[in-house]
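So the chains spell out like this:
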Amino acid sequence: MSEKKKPRTRRKWFYGISILLVVYVLSIGPVAAILQNSDGEWLKQEYLYFANFVYSPITLIALKSPFILDLLEKYEGFWRKIL
C-alpha cells in the first residue's frame, strides 16, 4: 500500500514545485510594474535592492541572452501599461 502512495506524493511535489517556479518567473512583471513609476524609475531605493535580491537568478539568465532580456523588458512594459 505504501508503494502506491510514493508515486502520488512525488507527483504532487513535482507539480507543486513546477507551478511555484512558473509563478516565480511570471511574477517579475507585476512586481516591477508596482514598484516602478511610469518612467521606469524605482519608487524607493529599497525596492530596487529587494527586486535585485529576489529576481537575481532570472536577471543573470537574461543578461546572458539578448533574446530573453528583450522578452523580459517587453513583459515588464506590458505590465506597466496595465497597472
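Residues numbered from 1 in each chain as written. Predicted model: local features only at pLDDT ≥ 70, side-chain atom pairs only at ≥ 80, totals over all residues. Heavy atoms only, no water.

### Points about the overall build of the protein chain
Counting its regular elements, the protein chain contains 5 helices and 0 strands. Beginning at the N terminus, the succession of helices and strands in the protein chain can be written as α-α-α-α-α. Dimensions of the protein chain, computed from the C-alpha atoms along their principal axes, are close to 60 × 25 × 25 Å. Taking all 83 residues of the protein chain together, 17% fall into the buried category. Considering only contacts within the protein chain whose residues lie at least 6 apart along the sequence, 63% involve residues at least 24 apart. When the accessible surface of the protein chain is split by element, carbon and sulfur atoms take 67% of a total near 7,100 Å². Averaging the coordinates of the 12 positive side-chain charges in the protein chain and doing the same for the 7 negative ones gives two points 21 Å apart. (Helix = DSSP H or I, 4+ residues; strand = E, 2+ residues; numbered from the N terminus. Buried < 20%, exposed > 50% of the residue type's maximum accessible area, 1.4 Å probe, protein only. Contact = heavy atoms within 4.5 Å. Areas by Shrake-Rupley, 256 points an atom, 1.4 Å probe, with all protein chains shown as cover. Lys, Arg positive; Asp, Glu negative; His and termini not counted. Charge placed at Lys NZ, Arg CZ, Asp CG, Glu CD.)

### Some words on a nonpolar patch on the surface
A cluster of nonpolar residues, Phe14, Tyr15, Ile19 and Val23, forms a patch on the protein surface that exposes about 450 Å² of accessible area. Inspection of the secondary structure puts Phe14 in helix α1 (residues 2-26). (Patch = residues over 30% accessible without salt bridge, like charges linked within 9 Å, V, L, I, M, F, W, Y side chains within 5 Å. Salt bridge = Lys/Arg side-chain N within 4 Å of Asp/Glu carboxyl O.)

### Observations regarding the side chain of Gln36
Residue position: Gln36 is located in the loop between α2 (28-35) and α3 (45-54). Relative accessible area serves as the criterion here: at 10%, Gln36 is assigned to the buried category. In this structure the side chain of Gln36 is engaged in a polar contact, spanning 2.8 Å, whose partner is the side chain of Arg80. Setting aside residues no more than four positions away along its own chain, Gln36 makes contact with Glu41, Trp42, Leu43 and Arg80. (Polar contact = N/O pair within 3.5 Å; in protein donor to acceptor, adjacent residues only side chain to side chain.)

### Examining helix α5 (residues 66-82)
Spanning 17 residues, α5 covers 25 Å between terminal C-alpha atoms, matching the ideal 24 Å at 1.5 Å per step. Along α5, the positions that sit buried rather than exposed are Leu72, Glu76 and Gly77. Buried residues along α5 cover an arc of 135 degrees about the axis, so they all sit on one side. Facing away from the buried side of α5 by more than 90 degrees, the exposed set consists of Phe67, Lys74 and Lys81. Residues of α5 that are buried make contact with α2 and α4 (56-64). (Expected span 1.5 Å × (residues − 1). Arc of directions from axis to C-beta.)

### Remarks on the side chain of Glu76
Secondary-structure assignment places Glu76 in helix α5. The residues contacting Glu76, other than those within four sequence positions of it, are Ile28, Gly29 and Ala32.

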